[in-house]
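Secondary and tertiary structure notes
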Amino acid sequence: MRDIHGMSVLITGGGSGLGEAVARLFAARGAYVTISGRRPEKIQAVAASIGPLCHAVVGDVANAADREQMVAAAVAHGGKLDVLVNNAGNMYRQAVAEYTEEVLREAFEVNVIGGMMLASKALPHLEVTRGSILFIGSVHTRRAYPGATPYAATKAALEGLTRVMAAELGPKQVRVNCVVPGAVATEINVRAGLVTEDGVAARYARLAGDHALQRIGTAEEVAEGIEYLVRAEWVTGVALDV
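Computed from a predicted model, the values in this text were never measured in an experiment.

1. A look at the sheet that holds strand β1 (residues 8–12)
Spatially, seven strands are ordered β3-β2-β1-β4-β5-β6-β7 in an open sheet, and the strand pairing comes out parallel. If you trace the sheet from one side to the other, it starts and ends with β3 (54–58) and β7 (239–241), each paired once. For this sheet, the mean angle separating the axes of adjacent strands, direction not counted, is 20°. Bridge count for strand β2 (residues 32–37) against β3 is five bridges, and the pairing is parallel. Residue pairing for β3: Val33 is matched across the bridge by Cys54. Strands in contact with helix α4 (residues 101–129) are β1, β4 (83–86) and β5 (132–136); relative to β4, the strand with the most contacts, it is inclined by about 175°.

2. Focus on the pattern of salt bridges
Under the criterion given, the structure shown has ten salt bridges. Ionic pairing is found between Arg2 and Asp82, a salt bridge with its closest N-O pair at 3.8 Å. With a gap of 80 residues between them, Arg2 in the segment before β1 and Asp82 in the loop between α3 (64–78) and β4 connect regions that are remote in the sequence. In terms of burial, Arg2 and Asp82 fall into one category: buried. With its nearest N and O atoms 2.9 Å apart, the salt bridge here joins Glu159 to Arg142. Here Glu159 is found in helix α5 (residues 149–169), whereas its partner Arg142 is found in the loop between β5 and α5, with 17 residues between them in sequence. When its relative accessible area of 10% is taken as the criterion, Glu159 is described as buried. Assessed through its relative accessible area of 38%, Arg142 is described here as partly exposed. Salt bridges sharing partners connect three or more residues here, namely Arg2, Lys80 and Asp82.

Quick notes on the rules
- Residues numbered from 1 in each chain as written.
- Predicted model: local features only at pLDDT ≥ 70, side-chain atom pairs only at ≥ 80, totals over all residues.
- Heavy atoms only, no water.
- Pairing = 2+ DSSP bridges.
- Helix = DSSP H or I, 4+ residues; strand = E, 2+ residues; numbered from the N terminus.
- Axes fitted to C-alpha atoms, helices over the stretch in contact; angles between N-to-C directions.
- Contact = heavy atoms within 4.5 Å.
- Salt bridge = Lys/Arg side-chain N within 4 Å of Asp/Glu carboxyl O.
- Buried < 20%, exposed > 50% of the residue type's maximum accessible area, 1.4 Å probe, protein only.

Have a look at this one:
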């Protein structure tokens, strides 16, 4: 298995939740980590708390100029690019009878297209290092939650494109995988306005019974799954449930 020490890793959405957990784990393993996000105070605080191995760059994955800046910053910080973790994304919910093109287009622009375009921009660097690309799926492709079709559709798209991208980039020795987390306590639902800070505990308590271990997961546990996919040199095109 590959050693993470010395790797250069770009993580989008690194200011909280899963992105922050991955940044902390990889930096602890000795990687040069670059995190991006739209909220300067969030990503700068995370980078400062991790230390000199972590660099923050403000940017939106849906913006072409920002994507170029993210890749350039990661290469400058780590001297190369070994791993792209496409973690940035938002929760989108809408009833079928209330669909709007604006919401559906934004969901795919942020959750799917941004990561695809970033992968394309990062590819020349990943070819040099025989690196890997990670996408983040969702339990919404494993269980049907009414009202969440916009979000579920974007996450299903990520699983599908993971397999095809892996087949296309395999001859270049660039691996592509997807992690599919179960219910994990992050701020995505609060940020989307689906639940209040006070209601988070009750929401996750209800979801615990949907899992075999009768509890929800942690961002750190999902980060361990991502670490495995980054290190496992003969694993590609996989959607790993965590």
